[in-house]
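# Understanding the architecture of this molecule
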Amino acid sequence: MTRTYPYAPGQYEAATGKQSGLEEFSYLCRRRWRFRNLGTWVVRRMNGKPYLSVHATGNACDLGYGSTLRDRQKALEACRWFTRPDVATTLGIVAIHDYSANPPRAWRCDRDAWQGFANGELGAGGRWLHVELAPRQGSLSRKDYRKLWKSLPR
Ligand SMILES: [Zn+2]
């Protein structure tokens, strides 16, 4: 099932602060997979483009991981879980950038599939996942977001 992607470049505005649902999502991911927080809300433009980054809305996070094979496997495990139809829909996941895939790849809710970008279009990246939540889930309270997370099978 596909859903509309809510962040057409240039069609959204910067938030004035962190979004509690997204912050809880980042925290729960870090706790489960030992990822590191490489950033959530920051008002900046996309690399090399005139548009605001989705980070400006407060609904995107960067989750870092280490250089071992085991670290990469954890990132792939997270990607598989995030893209399950029940998980993606419930948690409001609308995009994932997996920069360490070869080629780098992005999942989007409006195609419900990964797409590879061999041409560098996904931008410079490394050992982190960029994950975006829909505005509705991103703005939930931490408590309400945690309830959604706990309602899902691991
Ligand atoms: Zn990012």
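Refer to the structure printed above.
Figured I'd write up the structure that's included with this text. (Residues numbered from 1 in each chain as written. Predicted model: local features only at pLDDT ≥ 70, side-chain atom pairs only at ≥ 80, totals over all residues.)

## Examining the pairing of strand β4 (residues 105-108)
Here strand β3 (residues 93-98) runs beside β4; their pairing, made up of four bridges, is antiparallel. Across the sheet, residue Asp 98 finds its bridge partner in β4, namely Arg 105. In textbook terms, the turn of a hairpin is the stretch between consecutive antiparallel strands, and for β3 and β4 this stretch comprises six residues. Two strands pair when backbone bridges link them, and β4 and strand β5 (residues 113-116) are joined in this way by four bridges, in the antiparallel orientation. Within β5, the residue paired with Ala 106 across the bridge is Gln 115. Two successive antiparallel strands, β4 and β5, enclose a turn made up of four residues, where Asp 112 displays a positive phi of approximately 50°. (Pairing = 2+ DSSP bridges. Helix = DSSP H or I, 4+ residues; strand = E, 2+ residues; numbered from the N terminus.)

## Overview of the sheet that holds β5
Strand order in the open sheet formed by six strands is β1-β2-β6-β3-β4-β5, with antiparallel pairing between adjacent strands. Each edge of the open sheet is held by one strand with a lone partner, namely β1 (36-37) and β5. Relative to strand β2 (residues 60-64), β1 runs antiparallel, the two sharing two bridges. Bridge pairing in β2 places Asn 37 opposite Leu 63. Sheet strands touched by helix α1 (residues 20-33): β1, β2 and β6 (128-133). Its angle to β2, the strand with the most contacts, is close to 15°. (Contact = placed C-beta atoms within 7 Å. Axes fitted to C-alpha atoms, helices over the stretch in contact; angles between N-to-C directions.)

## Observations regarding the packing of α1 against helix α5 (residues 142-150)
Taken N-terminus to C-terminus, the directions of α1 and α5 make an angle of 50°; their axes are 8 Å apart at the nearest point. Taken together, the axis directions place α1 and α5 in an arrangement best described as oblique. Seen from above, α1 lies across α5 with right-handed handedness. Contact residues: α1 offers Ser 20, Gly 21, Glu 23, Glu 24, Phe 25 and Leu 28, while α5 offers Arg 142, Tyr 145, Arg 146 and Trp 149. (Parallel < 35°, antiparallel > 145°, perpendicular 65-115°, else oblique. Left-handed = near helix turned anticlockwise from the far one by under 90°.)

## A look at the pairing of β2
Extensive coverage of β2 is indicated by the burial of four of its five residues. Taken together, the five bridges between β2 and β6 define a ladder with antiparallel strand orientation. Pairing of Gly 64 across the sheet is with Trp 128, part of β6. (Buried ≥ 20, exposed ≤ 12 C-beta atoms within 10 Å, placed from the backbone.)

## Brief notes about unusual backbone geometry
Between Asn 102 and the following residue, Pro 103, the backbone shows a cis peptide bond with an omega angle of 0°. With respect to the helices and strands, Pro 103 occurs in the loop between β3 and β4. Its identity as a non-glycine residue notwithstanding, Arg 34 has a phi of 60°, on the positive side. Positionally, Arg 34 belongs in the loop between α1 and β1. Looking at Arg 34, the number of C-beta atoms within 10 Å reads 11, which means it is exposed. Positive phi, normally seen in glycine, also occurs at Asp 112, with a value near 50°. Counting through the fold element by element, Asp 112 comes out in the loop between β4 and β5. Under the C-beta neighbour-count criterion, Asp 112 is labelled partly exposed, with 14 such atoms within 10 Å.

Structural measurements only, silent on function.
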